[in-house]
Amino acid sequence: MIHKLFRLDIMIILLIVLSIISMFVGVVEVSPRDLLNLSENQKNIIIESRFPRTVAIIIAGASLSVCGLIMQQLTRNKFVSPTTAGTMDWARLGILLALMFFPTANLLVKLLFASALSLAGTLLFMQIIQRVQFKDVVFVPLIGLMLGNVVSSVATFLSLRTNSVQSLSSWMQGDFSIIISGRYEVLYISIPFLIIGLLYANQFTIAGMGEDFSKNLGLNYKRVINIGLLITAVITALVVVTVGMLPFLGLIIPNIISIFRGDHLKNTILLTAVLGAIFVMLCDILGRLIIFPYEISIGLMIGVVGSFIFLIMIFRRVKSNA
Amino acid sequence: MIDLKSISKIYGQKKVVNDVSVSIAKGKVTSFIGPNGAGKSTLLSMVTRLLDQDSGDVLLEGENILQAPSDKLAKKIAILKQSNNLDLKITVRELISFGRFPYSRGRLTQKDHEIIDEAISYMELEQFEERYIDELSGGQRQRVYIAMTIAQDTEYIFLDEPLNNLDMKHSVQIMQILRRLVRERNKTIIIVIHDINFASCYSDNIVAMKDGEVVISGSKDDVIRKEILEDIYEMDINIECIYGQQICVYFDEHQDASVDDFIEDQAQVQIRA
Ligand SMILES: Nc1ncnc2c1ncn2[C@@H]1O[C@H](COP(=O)(O)OP(=O)(O)O)[C@@H](O)[C@H]1O
Ligand SMILES: [Mg+2]
C-alpha cells in the first residue's frame, strides 16, 4: 500500500503543494487571495523572505538527503550520514576557524576551507571504520557521533575563548528564519554537485558492491569513492553555513526510501532528494505553526523527529540481530 | 591464451603463491584443484588484476595485464570471486545488468537488454527476475552472479568455486552451461573446483596446486591419476572408469571405524581436560 506512494510523480506533486503552503505561512499574513493585489509590504515579504526560505528548504533538504544516500552506499553501512560520520561538526569547526583566522576573506574562501575540513573529517572517519572491525554495525554511527561531539566541543571551546559564541550558535541549530535574499544564494552552489551525484548514481551503486566487484567491471573504484566523498563534504559545508545543522536528515530519508524502493541508486536517488525536501518543508511549516507567532527552529524540529526515527532504527537492528 | 610467468605472493613470511608459471589454453575449460589454502584463490585474484603480485607477470595474449586499460580489460576477462555476501536490496535483473557496465556505462541499449535476457534464460532465472537478491537462497544467488558474469560477455571467464552452495542438479547444470559456452561461443573458462569428479568430467585441462606451488598442469588424463591425486590430497584415492569417465573414489572403507576412533579420542581428551 504505502509502497505505491513512493513514486516520483506523487512526491513531486506533494512537494509543490507544500511549497505553495510554505509561501503563505508566517507572521505577516499573506493569503492566496491577496496575490492579485499585493501590498508593498507583502510583496517584500514574499520576495525577500518567503521565496528564499522555500527554495533554501528544497535545496538543503534534497542535497543533504542525497549526501546521506551516497555515504551509506559507499561505506555499505545504513547508519552512516553527514551527522553520524561527524561531517557536519567538521564543517562547523571549519567555518569557525575561517572566521577566526581570515575573517575578511570572501565567503567562498571560507566555504572552501570548511569543505576541505569536512572532507578530511569524513576521511578520518572512514579510516577508523575500516581499521577497526566492529562486531555490530551499530557501533559505526556511535563512533562517528562521538568523534563529532569531540570536534564540536573544540569548536565551542574556541568560540568561548574568542567570544564568538553568538555566531557559532547560529550554526548550532539549523534555522530557516535567518534565510533572506542575499544570504542564501550560496546554496545554489550545491546544485551542480547534486547533479554530478545524480549522474554518478550507477557508479556509486557499483562501488557500493565492493572494490573487487568494481574492478572486475572496469570501474575506477578509488576515483568514484573520492568523488562521492567530495560531493558530500561540499554540500554538507554549504548547508551548515547557510542553514545550520540539520541532524539525522541524511540518515533517515535514504533509509526510508531503501525500505520501499531498494538500494539501486538509479531508482532511489531522485526520490531521496524529493522526499528529503518534503520532510524538511513539513518540519519547517510545523515549526512555524506550533507556537505561532514564534518559531521552533528547523534544527530542533528535525533533531527531535530525526533522533526519534534513528532510535527506532537502532532498536529494530538490535532486535533483528537478537 | 594467458601466460603466468613466475608469479609469487607473500603475506608476512609465508609464500602463499610461490613462483607459479602456467599457460592457460584458449577455448578450453581449465580447472584448478588442490586442498584448502593451496593458493588457488590468491592466484586467480592476481591473474585477474584484483590483487597485485609481489613478483612475476601475467600476459594476456602476450600483453602485460597491468598495462591494459581497466575498462578494456573488463570486456576481455570477468571474474566471479569465491564469496559475494551482499545484503543489498537490488533485484536479480539489476544485478545481472551490471555485467553490461563495461559496454554501456549504465545506459543500457536494446542490445544490452537482449544479452541480459539471454543470460537470464541461460541460468533459468526468469521466475526470480524481479526479486531482491537478499531474499534468495545462497544457491540461487550464486546462479545470479554467474548470470551476471555471462552477461559481461568476456572471452575469458574466471569462476572461483562457483559450485559453492549449489545442489547436485544445479552443479551439473552450471558445468553443462560452461561447456556450452566453450562449445558455442568459444569462451575460455577457468574454474576453481573442489569436487575432483566434476573437474574430471567437465574440464579439458587441470592445474593441481599444493602449498602455493603448481604440482602438475596438463590435460585431465595427465592429472587424474592415482599417484598424483594421493600426493596432493594426502589420502587414499582410487580411480574407476564409469561410463567412460574417470571417477575418483575417495571414501575410506574403514571410515566408520576411524570416525569412531576419532570420537573416542576426543572424549578422552575432554575427560583429561
Ligand atoms: N589477505 C591475506 N592475508 C594473509 N594471508 C592470506 C590472505 N589471503 C590468503 N591468505 C593465506 O593464503 C593461503 C592461500 O589462500 P587461498 O588462495 O584463499 O587458498 P585456496 O583458495 O586455495 O583455498 C591461505 O593459507 C590463506 O590463509
Ligand atoms: Mg579459495
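Refer to the structure presented above.
Residues numbered from 1 in each chain as written. Chains lettered and ligands numbered in written order. Predicted model: local features only at pLDDT ≥ 70, side-chain atom pairs only at ≥ 80, totals over all residues. Heavy atoms only, no water.

Student: Help me understand empty space enclosed by the protein in this model?
Tutor: Rolled over the atoms, a probe sized like a water molecule indicates the empty space that remains. Residue and element names in this part refer to chain B. Per the stated rule, a full pass over the model turns up one cavity of 30 Å³ or more. Roughly 30 Å³ of internal volume is contained in the largest cavity. Taken together, I115, E118, A119, I150, A151 and R185 form the lining of the largest cavity. Those elements that place two or more of their residues in the lining of the largest cavity are α5 (110-122) and α6 (138-151). At three residues, the largest contribution of residues to the lining of the largest cavity is made by α5. Grouping the amino acids of the lining of the largest cavity by side-chain chemistry returns four nonpolar, no polar and two charged. (1 Å grid on protein atoms, 1.4 Å probe; cavity = no way out; pocket = protein on both sides within 12 Å on 5 of 7 lines; lining within 4 Å. Points joined across faces, edges and corners; volume = space filled by probe spheres on them. Helix = DSSP H or I, 4+ residues; strand = E, 2+ residues; numbered from the N terminus. Nonpolar A, V, L, I, M, F, W, Y, C, P; charged D, E, K, R; others polar.)

Student: Just to check I follow, could you spell out the sheet that holds strand β9 (residues 205-210) of chain B for this structure?
Tutor: The strands making up a sheet associate through backbone hydrogen bonding, with each pair oriented either parallel or antiparallel. All names here are of chain B. With mixed pairing, the six strands of this open sheet are ordered in space as β6-β7-β8-β3-β9-β10. Taken across any chain shown, the strands that pair with only one partner, and hence form the sheet edges, are β6 (77-80) and β10 (213-219). Across the sheet, the mean angle from the axis of one strand to that of its neighbour is 15°, orientation sign disregarded. The pairing of β6 with strand β7 (residues 156-160) spans four bridges and is classified as parallel. Looking at β7, one finds that L80 is bridged to L159. (Pairing = 2+ DSSP bridges. Axes fitted to C-alpha atoms, helices over the stretch in contact; angles between N-to-C directions.)

Student: It is not clear to me how the packing of aromatic side chains should be interpreted in this structure. Could you clarify?
Tutor: Two numbers describe a pair of aromatic rings. These are the distance of the centres and the angle of the planes. All names here are of chain A. Applying the stated rule across the entire model yields seven aromatic pairs over all chains. Taking 5.5 Å as the distance between ring centres and 85° as the angle between the ring planes, the aromatic pair formed by F102 and F113 counts as edge-to-face. Remark: F113 occurs in helix α5 (residues 107-131) and F102 occurs in the loop between α4 (87-101) and α5; sequence separation between them is 11 residues. Among the residues examined, F113 registers a relative accessible area of 29% and is labelled partly exposed. Among the aromatic residues, those joined into a cluster by ring pairs are F79, F248 and F310. (Phe/Tyr/Trp six-rings, centres within 6.5 Å; stacked < 30°, edge-to-face > 60°. Buried < 20%, exposed > 50% of the residue type's maximum accessible area, 1.4 Å probe, protein only.)

Student: Got a minute to help me understand the packing of α4(A) against helix α11 (residues 221-242) of chain A in this structure?
Tutor: When two helices pack together, you describe them by how their axes are tilted relative to each other and by the distance separating the axes. Residues and elements named next belong to chain A. For the pair α4 and α11, the least separation of the axes is 9 Å and the interaxial angle reads 60°. By the angle between their axes, α4 is oblique relative to α11. The element α4 and its partner α11 pack so that their crossing is right-handed. Where α4 approaches α11, its residues T87, M88, A91, R92 and I95 are matched on the opposing element by T236, A237, V240 and V241. For the contact of α4 with α11, the class distribution of residues is six nonpolar, two polar and one charged. (Parallel < 35°, antiparallel > 145°, perpendicular 65-115°, else oblique. Left-handed = near helix turned anticlockwise from the far one by under 90°. Contact = heavy atoms within 4.5 Å.)

Student: Hey, could you run me through a nonpolar patch on the surface in this one?
Tutor: Residues and elements named next belong to chain A. A contiguous nonpolar surface patch, about 400 Å² in accessible area, is contributed by L8, I12, I16, I20 and L270. By residue number, the principal contributor to the nonpolar patch is helix α2 (residues 8-24), which donates four residues. Position of I20 relative to the elements: it lies in helix α2. (Patch = residues over 30% accessible without salt bridge, like charges linked within 9 Å, V, L, I, M, F, W, Y side chains within 5 Å. Areas by Shrake-Rupley, 256 points an atom, 1.4 Å probe, with all protein chains shown as cover. Salt bridge = Lys/Arg side-chain N within 4 Å of Asp/Glu carboxyl O.)

Student: Any chance you could explain the interface of chain A and chain B here in plain terms?
Tutor: Interfaces are often sized by the amount of accessible area the parts lose when they come together. Of the residues lining the interface, 23 residues belong to chain A; the matching set on chain B comes to 25 residues. Taken together, both faces of the contact between chain A and chain B bury some 2,000 Å²; the carbon and sulfur share is 57%. Per-residue buried area on chain A facing chain B is highest for M209(A), N216(A) and L217(A); these three make up 30% of the total on that side. Linking chain A to chain B there are one salt bridge. One can count 11 residue pairs in polar contact (both at pLDDT 80 or more) joining chain A with chain B. Elements represented by at least two residues in the side of chain A that touches chain B include exactly α9 (201-207), α10 (211-216) and α12 (249-261) of chain A. The residue makeup of the side of chain A that touches chain B, split by class, is seven nonpolar, 11 polar and five charged. (Buried area = accessible area lost by both parts, 1.4 Å probe. Polar contact = N/O pair within 3.5 Å; in protein donor to acceptor, adjacent residues only side chain to side chain.)

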